[in-house]
Amino acid sequence: MYRTTEYITFNPIFHNHRMVKSMTIVLFAFCFVLLAACSSISPMPSRTTTAPEKDFKAALPKKTQEFTTPEKIEAMSPHETYQYRLGPGDLVSIQVWHRPELSQENVVVSPDGFIAIPRIGRINVLNHTLDEVQDMITLKLENLYIKPEIIVRVQEFHNNKAFVLGRVSKPGVINFPGKGSLLEALALAGGLPEQGKENALTKCAIIRGNDTVIWIDLQDLLKNGNMALNAPIRNNDVIYIPEATDELVYVMGEVVTPGAIQIKGEMTVLKAIMLAGGMNKQANPEKVFIIRQQSLKGDVIKVDLRNLLERGDFNQNFSLLSNDIVFISPSGIAKFNYALEKLLPSLSVLSLSTNTAESFGIMAKLRNQLWGQTGFVNTTTTTGSSISTGKNTTSGTSSGQ
């Protein structure tokens, strides 16, 4: 018995031809995918001449109001003995001893500040105290009577008022029975509305006159009991409590639930991130950024959250302001996964998936051209050899007996 060996001559030109043909097919499919991607809608930017009021304009940041210190509140508060001053709508009574024809009840102060008295006529009592009005009436009656005795008193107070607007249960005009303070005004206005109990009052503004605005930190006043912030209210003051939804910070990047977060009390970087669900697995805690818009060009500061968590260093746990942006950067592996994720859909379309390609016989033909293998992959089994049948025609040797 003799053993024979058959040698197969390798033809590099034929092999290269098959490789070029296969690469041509792959490149053609790749170009097809690129052309298909180009078929999507893509708006074209344009700059046309528009009216100035309709042109694009960058939004400027809102002015950040600083809270008034207790010292400034004390300086703006009156220190003289409080005396009520008459104004429109007040009801007064005038009693003249032994002169019933001159005595009156329920005398209304007119909108222009005048009252009418028999034998005297109209006198201006606007912004005058009771003692001043009493002296004016006495002086006029002394021309008609000998030593008249007059008593003036207020029956109803309507000129000791303030206007409470904004996020309270009963906005409108309130009247103080005494001097009047901020806490008394908020209580008379009903406090926080029922539908907003989950949102505590954070701040309010007292608008006094034409050029004075006093911002009060209600969290410090109500939660910490800092009564130095319980500012006295003057007549015709406007108390405004802004909506809680007006104060937002924005958390973006690698967090569980990115979005806008309403400021409730003091908002810090760590608190904002936790309210957004915390960092996800792709986040880089060493690269957290705070973007704050001061003008058309904002400020960016980097926060090392890893140092805060591992070493308890809270020096960078900054307090956030309204409209601040907190951005959590992705890690290096996250960027790689993102690029791979963008690349894989093209590869899956290119290969038509293994099962689909095997169903159409594409993979079998490609293997035959590249490696000379025949047969198909049995996609119904998960073990054993992937090629059920085949013959390698390009093997180096063959044996027989």
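One structure accompanies this document, and this report is about it. Just so it is clear, the model here is predicted, and its values are computed rather than measured. (Residues numbered from 1 in each chain as written. Predicted model: local features only at pLDDT ≥ 70, side-chain atom pairs only at ≥ 80, totals over all residues. Heavy atoms only, no water.)

1. Details of the environment of N323
Phase 1 of the analysis: Inspection of the secondary structure puts N323 in the loop between helix 7 (305-311) and strand 15 (325-330).
Phase 2 of the analysis: Note on N323: relative accessible area 31%, which makes it partly exposed.
Phase 3 of the analysis: Along the sequence, N323 and R292 sit 31 residues apart, while their C-alpha atoms lie 7.4 Å from each other. (Helix = DSSP H or I, 4+ residues; strand = E, 2+ residues; numbered from the N terminus. Buried < 20%, exposed > 50% of the residue type's maximum accessible area, 1.4 Å probe, protein only.)

2. Quick word on the packing of aromatic side chains
Phase 1 of the analysis: On inspection of all chains with the given rule, the structure shows one aromatic pair.
Phase 2 of the analysis: A ring pair is formed by Y84 and F157, whose centres lie 4.7 Å apart and whose planes are at 85 degrees; its orientation type is edge-to-face. One end of the pair, Y84, is in the loop between helix 2 (70-76) and strand 1 (91-96); the other, F157, is in the loop between strand 5 (150-156) and strand 6 (161-166), with 73 residues separating them in the sequence.
Phase 3 of the analysis: Accessibility expressed as a relative area gives 12% for Y84, which makes it buried.
Phase 4 of the analysis: Judged by relative accessible area, F157 falls into the partly exposed class, the value being 38%.
Phase 5 of the analysis: Over the ring of F114 we find R122; its NZ or CZ atom is 4.3 Å from the centre of that ring. (Phe/Tyr/Trp six-rings, centres within 6.5 Å; stacked < 30°, edge-to-face > 60°. Lys NZ or Arg CZ within 6 Å of the ring centre and 35° of its normal.)

3. Focus: the side chain of R208
Phase 1 of the analysis: The residue R208 is located in strand 8 (residues 203-208) in this model.
Phase 2 of the analysis: Relative accessible area serves as the criterion here: at 12%, R208 is assigned to the buried category.
Phase 3 of the analysis: Within the structure, R208 has its side chain in polar contact with the backbone oxygen of P232 (distance 3.0 Å).
Phase 4 of the analysis: Residues within four places of R208 in sequence aside, it is in contact with M76, I214, P232, I233, R234 and D237. (Polar contact = N/O pair within 3.5 Å; in protein donor to acceptor, adjacent residues only side chain to side chain. Contact = heavy atoms within 4.5 Å.)

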